[in-house]
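Chain by chain, the residues run as shown.
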Amino acid sequence: MASAVFNAFEIARPALFLGLYGVLIGLGVQAAVARYARFPRSIGIVMGIGLSVVMVAMVYSHRLLGNVLLPIVPFAILASISILLQAKRSTSVLNPNGNRPPRRFLTHFHNPIASTDFIAAVAAVLVLAPVLKYGLAPWTSGTNDFPNYAASAEIWVDSASAFAERHPDAFGGLQLLRASFEKPMVTALISLTSTLSGVPPYQLLTPTLLVVLFVLISALLVLARALFTLGHVTSTVAVLIPTFSVVPISRVYDAQLGQVTFVALAACLLAILAMTAFRRTHKGQLALVSTGAIAGAAALGSNFTLALGSAIILGALLIWILAKRPTHLSERVILSAKSALATAALSVPMVTWYQVSMTHQTSGGPGFNVPLASPLAAIGQQVALFEAGAPSQVLLFWVIVLATAAALLWSRSSDLCNKQADFFLLAATLVNASIIGFKLGWNNYAVHKWFAVAIALGMPLLLCYAVSSLRGRARIASVGVMILLAASSVTIGLRRGFAIPHVIGHDLINLQNNALLATTDFLNIRLGEPHQNSFAALAVPSRTVTVIEKTYAPASPPNAGPFLVRKDQVSALDLPDLLELNQTYALTSTVLALDGPKLEFNSNNPASRRFLFGSWHPPETWGTWSSGTHNYVVFDLPPELQARDFSITVTGYAFAKVTTPQDIEVVVNDISLLVQPYPNQGSNSFTVSVPRQLTESSKGRVTVNFKSKQPLSPSAFGSADKRLLAFGLVSLEVGSSGLSSDIAR
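Trainee: Sorry, what's going on with the pairing of strand β14 (residues 662-668) here?
Mentor: A regular strand carries its side chains on alternate faces of the sheet. Judged by how many residues are buried, β14 sits mostly within the fold: five of seven residues are covered. Bridge count for β14 against strand β15 (residues 671-678) is seven bridges, and the pairing is antiparallel. If you follow Val 667 over to β15, its bridge partner there is Ser 672. Here β14 folds back onto β15 in antiparallel fashion, the turn holding two residues, of which Asn 669 has a positive phi close to 50 degrees. In this sheet, strand β17 (residues 701-708) lies alongside β14 in antiparallel orientation, the contact comprising five bridges.

Next comes the structure, spelled out in structure tokens:
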């Protein structure tokens, strides 16, 4: 219990540093435009504006000058000067008699703290309650994205060349590629948090999410209360119901920082454009448009593909919000359009990044299917993410719900402007959903992400709108129902959070300070689990690190250093020379000497597993299937063969179509020696002759890569097996060779 409390407080320092810095910059912006515009009263919105300004500046600095940290100190100084100048202006206003009476410090620079901010802080902590006990340890309910975010921040803060030198493997290559285009604003946000707090990027998941969630909930509460003049209880439960819905909360518990940041900044943008008071002069309009453009550019760069996919519903939601405050409606719509154009202009330096991101995000599969959310998800009552029913059935439910909503709107609304705005929002939502759903499939991951945005941003305001249209006992009853829904939604959401399966333990985190690893020049990561592999690659202090198991990147063959393993793996892999690092982890030798000339890769010979690296499936009774394009067998030649030509005889199967053989390319020490067509029939053997020159520089280490360009899944042929299969390795035998022929069958 004591350690859990300590871990929770461990989160506070980086979160406070980030939040206070954002407030400082936001107050500086408010002070600079105080005579022309006044932002909504909310410390969360001020924080969102401040963080948006710094994120955009940091991305510009990295893009144009190669130094992401350059704006941090100058912006803090400029913000402080702006606040002091505004304080001086506010306290030096003369009364008609020429005296200088004591004036409030915030004459034009109003107190930004609202009562809703305290509610937002509590709600943000409640959302992350299931993971606060882990402290600065990363976690996720499934996907493995956060190490990629952290690696991008490390690359930006240090340098790409330093990262490439430390990670000369496929994992490092993937991170260098991703850092060059993917979600730049979130990379800047993590870089900022790490610089302010001194905490490494790979430990900043929870603190950063806490700040972002506070901004999101603050903005939603301000919009809900201001648009519909509702009390704290009603607006709070209206925000809690969709926030804890299984669809948006899954984005939080899957550690999707880019998606959560986009939604938070989008909510902040809506509040700025709809609620900012401004002088109806060119300077007042410029202040509003500029602030909105900066927040928009920050949101766009947090998740470009999600922003693009949600553009229709976000635009319609903004117009709907503006219609609820019809004063100067046309002027605000025009200014919002100008802000959108300014956002596009601000994003021009990043346009090539966004193009590459769009290509990568739309060229492959969805990663995994997620069932279409049911209408119950909109009010937080869908219990499980993967139990929503067949798509046709769920779509029918949605049609019934939306048709009922349209009928109620038509019968109850008497204000033509309101009625038009309501139906415009309904139509835009249907169009946006249909474009994504019919193009990609309703069970597609992209549809799930779009629903998360629609529920998180739209439902709080729609619930408040529904309550505000009622009077007397009907309103009291509706609030009571909403309280019950909120309690149920929070329970369902937290239950999902407390079931998070993947948490990086403190034994792994503590390896960052291990003296032995700090003096290890070369290290191989082999922890048997992609989340741990990715985190360890970033955390360990060794000079050169190679991940020899699959993460989001293909595995790489081992370097000359020892293996970092879990102690419970040792007996299964028959690993020698164990050196304990702590209760969970150990180092073991990379000696891969053959016990005999022939290796058999079946489940009856588990010791052979230590020679397999890359994308191999678990062994079966006959042998082991490869899965991806990189499947390595690595071993050390016996002394009698190290200065000689030798041969490798391979026996295996292929998973191929009946009419088309599977081409298996055999690459030895990075040199392609053979492309073997393998038909879909019984086992076949082939022999590859290897010249001695290929092993001279590797000191007898042999890395055989069985590459396949087209692995297939049995599920494509009616099987329930969804694995990707290409080559089934039965055995490998090493012997002498005269190199009389390249291939002997």
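Trainee: Please clarify how the pattern of salt bridges should be interpreted in this entry.
Mentor: Where charged atoms of side chains with opposite charge meet at close range, the side chains can pair. This structure, assessed with the given rule, holds eleven salt bridges. Of the charged contacts in the structure, one is a salt bridge between Glu 182 and Lys 183, with a shortest N-O distance of 3.1 Å. In this structure, Lys 324 engages Asp 422 in a salt bridge whose closest nitrogen and oxygen atoms are separated by 3.0 Å. Placement of the pair is Lys 324 in the loop between α16 (311-323) and α17 (329-346) and Asp 422 in helix α20 (residues 416-440), with a sequence separation of 98 residues. Taken as a pair, Lys 324 and Asp 422 share a single burial class, namely buried. Each member of the salt-bridge network shares a partner with another, and the members are Glu 620, Asp 721 and Arg 723.

Trainee: Looking at this structure, how should I read helix α25 (residues 530-539)?
Mentor: Because each turn of an α-helix spans 3.6 residues, side chains separated by three or four positions end up pointing in the same direction. For α25, the tally of buried residues reaches nine of ten residues, placing the bulk of the element in the interior. Considered for burial, the residues of α25 that qualify are His 531, Gln 532, Asn 533, Ser 534, Phe 535, Ala 536, Ala 537, Leu 538 and Ala 539.

Trainee: Looking at this structure, I do not really get the sheet that holds strand β8 (residues 579-580). What am I missing?
Mentor: Spatially, five strands are ordered β6-β5-β7-β9-β8 in an open sheet, and the strand pairing comes out mixed. Looking along the sheet, the strands with just one partner apiece sit at the ends: β6 (544-547) and β8. Inspection of the sheet shows β8 paired to strand β9 (residues 585-588) by two bridges, in the antiparallel sense. Residue pairing in the sheet places Glu 580 in a bridge with Ala 586 of β9.

Trainee: What is the right way to look at the packing of aromatic side chains in this model?
Mentor: What describes a pair of aromatic rings is the distance from one ring centre to the other and the angle between the planes of the rings. Evaluation of the coordinates by the stated rule reveals 17 aromatic pairs. Aromatic side chains Trp 450 and Phe 451 sit 5.2 Å apart centroid to centroid with 85 degrees between the ring planes, which places their arrangement in the edge-to-face category. For Trp 450, a relative accessible area of 3% puts it in the buried group. Every member of this aromatic cluster is reached through a ring pair, and the members are Trp 622, Trp 625, Tyr 653, Phe 655 and Phe 717. Over the face of the ring belonging to Tyr 465 we find Lys 324, whose NZ or CZ atom lies 3.9 Å from the ring centre. Sitting over the ring of Phe 522, Arg 543 keeps its end group 5.2 Å from the ring centre.

Trainee: So what exactly am I meant to see when it comes to the state of the cysteines here?
Mentor: Two cysteines whose sulfur atoms are joined by a covalent bond form what is called a disulfide. A complete count under the given rule lists zero disulfides for this structure. Cys 268 provides the cysteine sulfur closest to Cys 464, a residue in no disulfide bond, and the two sulfurs are 18 Å apart.

Trainee: Any chance you could explain the nonpolar core here in plain terms?
Mentor: Buried together is how nonpolar side chains tend to be arranged in soluble globular proteins. Leu 128, Trp 139, Leu 457 and Leu 564 are the most contacted members of the largest nonpolar core, which totals 188 residues. No other element matches helix α10 (residues 205-228), which puts 18 residues into this core. Leaving out residues up to four positions away in the same chain, Leu 564 has contacts with Leu 511, Leu 523, Asn 524, Ile 525, Arg 526, Leu 527, Ala 536, Val 540, Leu 581, Tyr 585, Ala 586 and Leu 587. Counting 38 residues, the second-largest nonpolar core is a separate cluster that includes Val 633, Leu 694, Val 702 and Phe 727.

Trainee: Would you mind going over helix α12 (residues 246-253) with me for this structure?
Mentor: Taken across its eight residues, α12 has eight buried, putting it largely inside the fold. Residue Ala 255 follows α12 closely and has a positive phi angle near 60 degrees.

Trainee: Help me understand the packing of helix α11 (residues 232-243) against helix α22 (residues 472-498), please; the structure alone is not making it clear to me.
Mentor: Helices that pack against each other are described as a pair by the angle of their axes relative to one another and the distance between those axes. At a minimum axis separation of 9 Å, α11 and α22 run at an interaxial angle of 40 degrees. With respect to α22, the axis of α11 lies oblique. By crossing handedness, the relation of α11 to α22 is classed as left-handed. Across from Val 233, Thr 234, Val 237, Ala 238, Leu 240 and Ile 241 in α11, the residues of α22 making contact are Val 479, Met 482, Ile 483, Leu 485, Ala 486 and Ser 489. Each residue belonging to the contact of α11 with α22 can be placed in one class, and the counts come to ten nonpolar, two polar and no charged.

Trainee: Just checking my understanding: could you explain the side chain of Thr 243 for this structure?
Mentor: On the secondary structure map, Thr 243 appears in helix α11. A polar contact is formed between the side chain of Thr 243 and the backbone oxygen of Val 239, at a distance of 2.6 Å. If we skip the residues at most four places from it in the chain, Thr 243 touches Val 127, Pro 248 and Ile 249.

Parameters at a glance
Residues numbered from 1 in each chain as written. Predicted model: local features only at pLDDT ≥ 70, side-chain atom pairs only at ≥ 80, totals over all residues. Heavy atoms only, no water. Buried < 20%, exposed > 50% of the residue type's maximum accessible area, 1.4 Å probe, protein only. Helix = DSSP H or I, 4+ residues; strand = E, 2+ residues; numbered from the N terminus. Pairing = 2+ DSSP bridges. Salt bridge = Lys/Arg side-chain N within 4 Å of Asp/Glu carboxyl O. Phe/Tyr/Trp six-rings, centres within 6.5 Å; stacked < 30°, edge-to-face > 60°. Lys NZ or Arg CZ within 6 Å of the ring centre and 35° of its normal. Disulfide = S-S within 2.5 Å. Core = buried A, V, L, I, M, F, W, Y, C linked by side-chain atoms within 4.5 Å. Contact = heavy atoms within 4.5 Å. Axes fitted to C-alpha atoms, helices over the stretch in contact; angles between N-to-C directions. Parallel < 35°, antiparallel > 145°, perpendicular 65-115°, else oblique. Left-handed = near helix turned anticlockwise from the far one by under 90°. Nonpolar A, V, L, I, M, F, W, Y, C, P; charged D, E, K, R; others polar. Polar contact = N/O pair within 3.5 Å; in protein donor to acceptor, adjacent residues only side chain to side chain.

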